[in-house]
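So you can see what is in the structure, the chains are spelled out below.
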Amino acid sequence: MVRNGVFGQVMEERDNPAFFKILRREDFSSEMMRMIPHHLIRSISDKSSSFKMVLRVPWGSSWQVKISKNPIFHYMEDRGWNQFVNDNGLGLNEFLTFTHEANMCFNVTIFEADGTEMLRPRQPSTIASSSGRNKREEKKSIYIDVKKEEEIESWSESSYAGHKTAESTSGRLKQKQELNLRKKEADKTEKSKKRKKKKVDTVCNDSEAGTSSLVPEFKLTIKKSHLLFLGIPKKFVDMHMPSETKMFKIHHPRGKKSWEVWYVVNDVQSRFSGGWSRLAKELGLVVGDVCTFELIKPTEMCVKVSKE
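- If you check an unreviewed UniProt entry, the protein appears there as TF-B3 domain-containing protein from Arabidopsis lyrata subsp. lyrata.
- The record held by UniProt for the protein lists under Subcellular location (unreviewed entry) the comment "Nucleus".

Quick look at the side chain of Asn70
- Mapped onto the secondary structure, Asn70 falls in the loop between β5 (62-69) and β6 (74-76).
- Of note is the side chain of Asn70, whose polar atom sits 2.8 Å from the backbone nitrogen of Ile72.
- A polar side-chain atom of Asn70 sits 2.6 Å from the main-chain amide nitrogen of Phe73.
- Beyond its immediate stretch of four places on either side in the chain, Asn70 contacts Glu31 and Tyr75.

Here's the deal with the environment of Ser30
- As for its position among the elements, Ser30 is in the loop between β2 (18-22) and β3 (35-36).
- According to the relative accessible area criterion, Ser30 is buried, its value standing at 17%.
- Taking the C-alpha atoms as reference points, Ser30 and Glu77, separated by 47 residues in sequence, lie 10.0 Å from one another.

Concerning the sheet that holds strand β12 (residues 258-264)
- Taken in spatial order, the seven strands of this open sheet run β9-β14-β15-β11-β12-β13-β10, and their pairing is mixed. If you trace the sheet from one side to the other, it starts and ends with β9 (217-221) and β10 (230-231), each paired once.
- Inspection of the sheet shows β10 paired to strand β13 (residues 271-272) by two bridges, in the antiparallel sense. Counterpart to Gly231 in the pairing with β13 is Arg271.
- Across the face of the sheet, helix α6 (residues 276-283) comes into contact with β10, β11 (246-251), β12, β13, β14 (290-297) and β15 (300-306) while running at roughly 145 degrees to β12.

What about helix α2 (residues 78-88)?
- Burial in α2 covers these residues: Gly80, Trp81, Phe84, Val85, Asn86 and Asn88.
- Where α2 terminates, the next one or two residues include Gly89, which has phi positive at roughly 60 degrees.

Describing the packing of aromatic side chains
- Taken as a whole and assessed by the stated rule, the structure comprises 14 aromatic pairs.
- With a centroid separation of 4.7 Å and 5 degrees between ring planes, the pair formed by Phe19 and Phe98 is classed as stacked. Taken together, the positions of Phe19 in strand β2 and Phe98 in strand β7 (residues 95-102) put the pair 79 residues apart, joining distant regions of the chain.
- For Phe19, a relative accessible area of 0% puts it in the buried group.
- Site record: aromatic cluster; members linked through ring pairs are Phe218, Phe236, Phe248, Tyr263, Phe272, Trp276 and Phe293.

Digging into empty space enclosed by the protein
- Counted by the stated rule, this structure contains one cavity of 30 Å³ or more.
- Here the largest cavity defines a volume of roughly 30 Å³.
- Partitioning the lining of the largest cavity into residue classes produces three nonpolar, two polar and one charged.

Cut-offs used in this document
Residues numbered from 1 in each chain as written. Predicted model: local features only at pLDDT ≥ 70, side-chain atom pairs only at ≥ 80, totals over all residues. Heavy atoms only, no water. UniProt positions renumbered as here; feature names shortened; annotations may be inferred. Helix = DSSP H or I, 4+ residues; strand = E, 2+ residues; numbered from the N terminus. Polar contact = N/O pair within 3.5 Å; in protein donor to acceptor, adjacent residues only side chain to side chain. Contact = heavy atoms within 4.5 Å. Buried < 20%, exposed > 50% of the residue type's maximum accessible area, 1.4 Å probe, protein only. Pairing = 2+ DSSP bridges. Axes fitted to C-alpha atoms, helices over the stretch in contact; angles between N-to-C directions. Phe/Tyr/Trp six-rings, centres within 6.5 Å; stacked < 30°, edge-to-face > 60°. 1 Å grid on protein atoms, 1.4 Å probe; cavity = no way out; pocket = protein on both sides within 12 Å on 5 of 7 lines; lining within 4 Å. Points joined across faces, edges and corners; volume = space filled by probe spheres on them. Nonpolar A, V, L, I, M, F, W, Y, C, P; charged D, E, K, R; others polar.

In structure tokens:
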């Protein structure tokens, strides 16, 4: 039997008390969304109940959430709930079941908007920045190879100083020219990296000063739900954003600070999720602010905030 209601419905006719929630836009961060059904609270003995609960997902991770009570119902406090939502990259129309095991520990099953059950984390805990490391290792390898060739050339010249011919001289000159060319290419690569880094560091300041820019951008007026996660306009997603979940770096408008935020790809609405609520808090975003996002690199943005 399933009891009617918007959120926090109780599921009966099973061994352990349980309830479920469907994540909706209008109540995403409200106490109603975080409500614990009264019938479930009553079904748990006084010995097991406490002022906190543990939410555990199938892959073993868990979150501790404090419980409060208003005059009508018990609910999960927003700090613990928001951490659970952000860490799992949860979004609209996703379906969650909460099954009580013992001592206010709940097993949580997450179903995506298309009905697929999540059996492993949506986001990896760390991302190795292999691309930058590989480029550094490649450059290092070039210099090592050049050094080895110079040593071989030096040994060859000293061993056969009395047997130089026009042909061997021509070969060494050609080899030196190739070594010099490789050195120049390595130096050119290093200078190019420095120019790109300087460009990234100055883009935010240029946009703040009002200079023209051809980088892709979009604007959003901050709503209440945007303080928890930020949905990206579909047109901008289709034209400019990655097709899979990525870690983004978002820069302060004046270059003072940067934040790492998870960009989560979803069939319903791709969005900034894990790390976004922290950015919104530290940047001082409030409802009504207008934010302009500039895509300065494939996974980097600069955000400019206009206060109402």
